[in-house]
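One letter stands for each residue in the lines below.
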Amino acid sequence: MSRLFRAVIMGPPGSGKGTISERIARGFGLQHLSSGDFLRENIASNTEAGVLAKTYIEKGLLVPDHVMTRLLLPRLEEMTCHSWLLDGFPRTLAQAEALNSSCELDLVISLNIPLETLKERLSHRWIHQASGRVYNMCFNPPRVQGVDDITGEPLIQQDDDKPEALVARLRHYKDVAKPVIDVYKAKGILHTFSDTDTDRIWPYISSLLSAKIPTDIADAQRASTH
Ligand SMILES: Nc1nc2c(ncn2[C@@H]2O[C@H](COP(=O)(O)OP(=O)(O)OP(=O)(O)O)[C@@H](O)[C@H]2O)c(=O)[nH]1
Ligand SMILES: Nc1ccn([C@@H]2O[C@H](COP(=O)(O)OP(=O)(O)O)[C@@H](O)[C@H]2O)c(=O)n1
């Protein structure tokens, strides 16, 4: 069984993690693991962790480290035959240390996007809550305004996407993400991308992954996902 490829994508709210993760999943066959989606699934199915996490998310707070690691690490340890890309975890140094004690990462992508760009993007972001599908009225609009392309159900805008909520979330992100970025920089596996346009960043990320993911793993992943 070929070795697995394990990567993390980091970035502030609205930086394009979800958008780029979908492209990486499609192009390289990595399983996109979104910690936000995983939390929403747990909240929707009323699990003990979901009920607890909801009390923090509703207040725009980060879910405590021990709850996140207890939720995510067993899931990652189960993934013994599929390479993955983790989105939205780790967010804190404690989460990064817990992850590092559980598995060896091959690559960390960090998106460094200007505040004005984040504000602009999130003001136009619409989400189909049930599936987590993300639209943007300027970048990738739904076929019919206000409704999900697949289900036809209504799209919503998240409260914490509003500009006034974003500044606080961004400051908090920078405070907690810096030590995590420093850890991965020290490990020599951090790759940072800065631009205002995902389509301009994508070719660089794509060539980085083509260079880093051994062909036997990429072929095996693509074969297993088709
Ligand atoms: N105009 C524009 N919008 C973009 C670009 N890239 C992504 N978006 C949109 O910007 C919004 C944020 O992108 P996401 O992929 O959701 O970003 P994220 O980092 O996953 O955001 P969080 O889930 O809040 O952490 C979405 O509505 C995207 O469709 C871009 O290059 N230009
Ligand atoms: N490691 C994590 C990931 C998500 N979360 C919480 O889950 C919410 C949704 O995560 P998300 O990744 O979909 O959204 P963003 O906060 O990235 O915009 C976050 O706003 C946090 O409140 C967390 O507390 N810790």
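Our structure is the block above this text.
All figures in this text were calculated on a predicted structure; none of them were measured in a lab. (Residues numbered from 1 in each chain as written. Chains lettered and ligands numbered in written order. Predicted model: local features only at pLDDT ≥ 70, side-chain atom pairs only at ≥ 80, totals over all residues. Heavy atoms only, no water.)

Novice: Would you take a moment to explain helix α4 (residues 65-78) for this structure?
Specialist: Within an α-helix, residues lying three or four positions from one another point in the same direction, as the helix has 3.6 residues per turn. Helix length check: α4, at 14 residues, gives a terminal C-alpha distance of 20 Å against a target of 20 Å (1.5 Å per residue), a fit within 8%. Contacts from the buried residues of α4 go to β2 (31-34), α2 (35-44), α3 (48-57), β3 (84-87) and α5 (93-102). (Helix = DSSP H or I, 4+ residues; strand = E, 2+ residues; numbered from the N terminus. Expected span 1.5 Å × (residues − 1). Contact = heavy atoms within 4.5 Å.)

Novice: Would you take a moment to explain the packing of α4 against α5 for this structure?
Specialist: When two helices pack together, their arrangement is given by the angle between the helix axes and the distance between those axes. Interhelical geometry of α4 versus α5 gives an angle of 25 degrees and a closest axis separation of 10 Å. The pairing of α4 with α5 is recorded here as roughly parallel in orientation. α5 is crossed by α4, and the crossing has right-handed handedness. Note on element contacts: α5 touches α4 through A94, Q95, A98, L99 and S102, opposite D65, M68, T69, L73, L76 and E77. (Axes fitted to C-alpha atoms, helices over the stretch in contact; angles between N-to-C directions. Parallel < 35°, antiparallel > 145°, perpendicular 65-115°, else oblique. Left-handed = near helix turned anticlockwise from the far one by under 90°.)

Novice: Honestly, α5 in this entry has me stumped. Any pointers?
Specialist: Within the span of α5, buried status applies to Q95, A96, A98 and L99. Take α5 and look down its axis: the buried residues cluster within an arc of 160 degrees, on one side only. Considering only its buried residues, α5 is in contact with β1 (6-10), α4, β3 and α7 (163-186). (Buried < 20%, exposed > 50% of the residue type's maximum accessible area, 1.4 Å probe, protein only. Arc of directions from axis to C-beta.)

Novice: I tried to follow the site of ligand 1 on my own but got confused; where do I start?
Specialist: The immediate surroundings of ligand 1 are formed by 18 residues, with K17, G18, T19, R125 and T198 found nearest. A distance of 3.0 Å separates an oxygen atom of ligand 1 from a polar backbone atom of Y135. Considered on its own, ligand 1 offers 650 Å² of accessible surface; in the complex 88% of this is hidden by protein. When residues of the shell around ligand 1 are traced back to their parent elements, those giving at least two are α1 (17-28) and β6 (133-136). Among the residues forming the shell around ligand 1, the class breakdown is five nonpolar, eight polar and five charged. (Near = heavy atom within 4 Å. Polar contact = N/O pair within 3.5 Å; in protein donor to acceptor, adjacent residues only side chain to side chain. Areas by Shrake-Rupley, 256 points an atom, 1.4 Å probe, with all protein chains shown as cover. Nonpolar A, V, L, I, M, F, W, Y, C, P; charged D, E, K, R; others polar.)

Novice: Help me understand unusual backbone geometry in this model?
Specialist: With the exception of glycine, most residues fall at negative phi, and the peptide bonds are largely trans. The residue after F89, namely P90, is reached through a cis peptide bond having omega 0 degrees. Mapped onto the fold, P90 is located in the loop between β3 and α5. Positive phi values are uncommon outside glycine, yet N46 reaches one of about 55 degrees. Here N46 shows up in the loop between α2 and α3.

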